[in-house]
Structure formats: C-alpha cells, structure tokens
Amino acid sequence: MQKKTVLVTGGAGFLGSHLCKVLLERNNRVICMDNFFTGRERNIAPLKNNPDFEVVLHDVTSPYSFYVDEIYNRACPASPPHYQRDPVSTFKTCIFGALNALELADKWHAKVFQASTSEVYGDAAVHPQVETYWGNVNPHGIRSCYDEGKRGAETLFFDYHRQNKTRIKVVRIFNTYGPNMNPEDGRVVSNFIMQALKNEDITIYGDGSQTRSFCYVDDLIRGFLCLMDSDDSVTGPVNMGNPGEFTMLELAENVIRLTGSKSKLVYRPLPQDDPKQRRPDISLAKQLFNWEPEIKLEDGLKKTIEYFRNFK
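Rules used throughout
- Sequence order as written defines the numbering, with residues in each chain counted from 1.
- Given that this is a predicted model, residues contribute local features only at a pLDDT of at least 70 and side-chain atom pairs are listed and counted only at 80 or more, while totals for whole chains, interfaces and linings are drawn from all residues.
- The basis for every side-chain value is the complete set of heavy atoms in the structure, and neither hydrogens nor water enter the calculation.
- Any two strands with at least two DSSP bridges between them are considered paired.
- Comment: elements are numbered from the N terminus, with helices defined as DSSP H or I runs of at least four residues and strands as E runs of at least two.
- To obtain each axis, a line is fitted to C-alpha atoms, and for helices this fit is confined to the stretch in contact; angles are then taken between N-to-C directions over 0 to 180 degrees.
- Whether two residues touch is decided by their heavy atoms; if any such pair falls within 4.5 Å, the residues are in contact.
- Think of it in three bands: residues with accessible area under 20% of the maximum for their type are buried, residues over 50% are exposed, and the middle band is partly exposed, with areas taken using a 1.4 Å probe on protein chains only.
- Any Lys or Arg side-chain nitrogen found within 4 Å of a carboxyl oxygen on Asp or Glu counts as a salt bridge.

Right, let's get into the sheet that holds strand E1 (residues 5–9). Taking strand neighbours across the sheet as the criterion, the seven strands line up as E3-E2-E1-E4-E5-E6-E11 in an open arrangement whose pairing is parallel. Single-partner strands in this sheet number two, and they are strand E3 (53–57) and strand E11 (238–240). Geometrically, the sheet is characterised by an average inter-axis angle of 20° between neighbouring strands, direction not taken into account. With five bridges joining them, E1 and strand E2 (residues 29–34) adopt parallel strand pairing. Bridge pairing in E2 places Thr9 opposite Met33. Helix H1 (residues 14–25) rests against E1, E2, E3, strand E4 (70–73) and strand E6 (167–173) of the sheet, and its axis sits at about 170° to E1. Against the sheet, helix H4 (residues 87–108) makes contact with E1, E4, strand E5 (111–117) and E6, and its axis sits at roughly 175° relative to E4, the strand it touches most.

Encoded structure:
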C-alpha cells in the first residue's frame, strides 16, 4: 500500500511522541509539528533517524500548508500549571489550532482528529461521564482557558463537518500517564512519583477523596488508531480512558508502596474548579471498536516509575 502522510501537531509532547512512534511503525510518513512550549526534543530523539519522520518547528495558531492524508490535532498544553501559565495563548492554541487543522483537512479531503478532553465535562454532575452529557463548566475560572478552549474546538469540528463535510474524528481523553511525561508538568501521577522517588512529602489537595481514572498511554494510543481507522460516519465524540476509579489517597498509597518511598502525606487546599469525580463511560468505544484498556494501574505505574527513575 502507498504510504500515508500523517501530521501530528504537538508531536513532541507526551502523547504526541508515542503516537508518532506507532504511526511510523505502521509504515506512514509522519510530520511532527511542535513549537516546544511543552513538547521536548528528548521524546522524539529516538525517531529522528527514521527517513519517514520529519520535525517542523511551528506554532499551530499560525496557518501552515503541506500535503497530508491525515491530521492528528494534539497541540495544546494539557497540565493545569502549563495551560494556566499563559491562558490567552492556551485558548488561542485550542481555537486557532483547530481552525488551521480543519482548513488543511478541507484542502486535501484529509481525515482530521481532534484530541479533546474530559475537562469539557467540568465539575461533572453526572457520574460516570457519558458523551451525551453537556457538562458543568465555569466559563471564567482559572481552568476555563483549557476547558472552554477545548469545547470551542469541538464546536468548530462539528460545524465544519456539517457545513463542509469535513472528515472529522473527536476523542475525549481522560487522565493518561506513562513514559515521556514531563516530571515537572504538575499532573498528579508525575507529581506523586517524583516526590516519592525523592522521599519528599507527597502533596494531597483537599482531603484526597476526589477521584480520577488513569489510563496507560499504550492503551490510549491504540484507541486513537481504532477511531481514526473507523468509517467516516463515525465522528465522535468518543470517551477514551480507564473506567477504573481511584481516590487521590489510593493513588498516593500505591506510588509509595511501589517506589518503597519514605514519603509522608501533606494536605493543601483544593484548587479552584478542581473536579470532585472523573470516570469515563466507555460503552460507546466498546460498541464501536471493541476497545477498552488492558493495562492495570499497578502495572502501568511500575513502567512509569522505572522511566522516572532513569530520567536524566
């Protein structure tokens, strides 16, 4: 078969770098676009000797143009400390990044994939979260640049699909972890592991009873490909994440046990608009692709801890 040319925006990030690797293994030509605001060269260094891999330094808020068969629009800071560092830039990345990806897809009649997020559900009043739930989002809080930016990007995708027949795929990603995470990105898994490896106090926000569901990166990337390979009639949005639900206290205790750490737990006030519960209903993904996560939290944590132990 003729090789496809696939663009991955945000390709040097945590998820983007794993996606680039798998796309190359599937015999595609891969263009990794990143402005390296949060993406890192080390994530894609093992791929650079592949003649089918190209890195383009570019900010997705500015238009770009080259031939593509498929686009994975992944560019955007995803951890609260990073996306809150420059909230205006975060919102622009969500909206203009989506717009420019859609314009390029229309030009070449390419499939275009939008990496949306469980944050579109906000502090959900429905549990677990199902795709038909419209969410409970603060439109002017400190997380709104990301939450509302991703909601606006979804709006653009579905309007392009209705108006221009654009070939879209929209996934809503729940908490994901694994190698290539930035140890300083401020997300709970990386925070807990790094604190535990240094035998520092582990910071629990609130009373630790708030819950999250953690999906190992390999399971998520497999889900991405299932969605992208599906018939054009399947547009999404589709939830992808692990329906196993853990409190922050349970996660911290697991990390301490698996690292053999001497860390103690310390408690801090809960950040503004931090969701109390987060768990995906993945019934639609199961129905459409027979997709569900396979890697248990303990096994995924062991692999992630090993990555951070060797991080230099």
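As a further point, take the environment of Ser62. Along the polypeptide, Ser62 turns up in the loop between E3 and E4. Accessibility expressed as a relative area gives 35% for Ser62, which makes it partly exposed. Separated by 79 residues in sequence, Ser62 and Gly141 have C-alpha atoms that sit 26 Å apart.

In total, this model carries 19 salt bridges according to the counting rule given. Among the salt bridges present, the one from Arg167 reaches Asp232, with a minimum N-O distance of 2.8 Å. Placement of the pair is Arg167 in strand E6 and Asp232 in the loop between helix H7 (217–229) and E11, with a sequence separation of 65 residues. Among the residues examined, Asp232 registers a relative accessible area of 34% and is labelled partly exposed. A salt bridge links Asp185 to Arg187, with the shortest nitrogen-to-oxygen separation between them at 2.8 Å. For Asp185, a relative accessible area of 2% puts it in the buried group. Residues joined in a network through salt bridges with shared partners are Glu119, Arg143 and Arg278.

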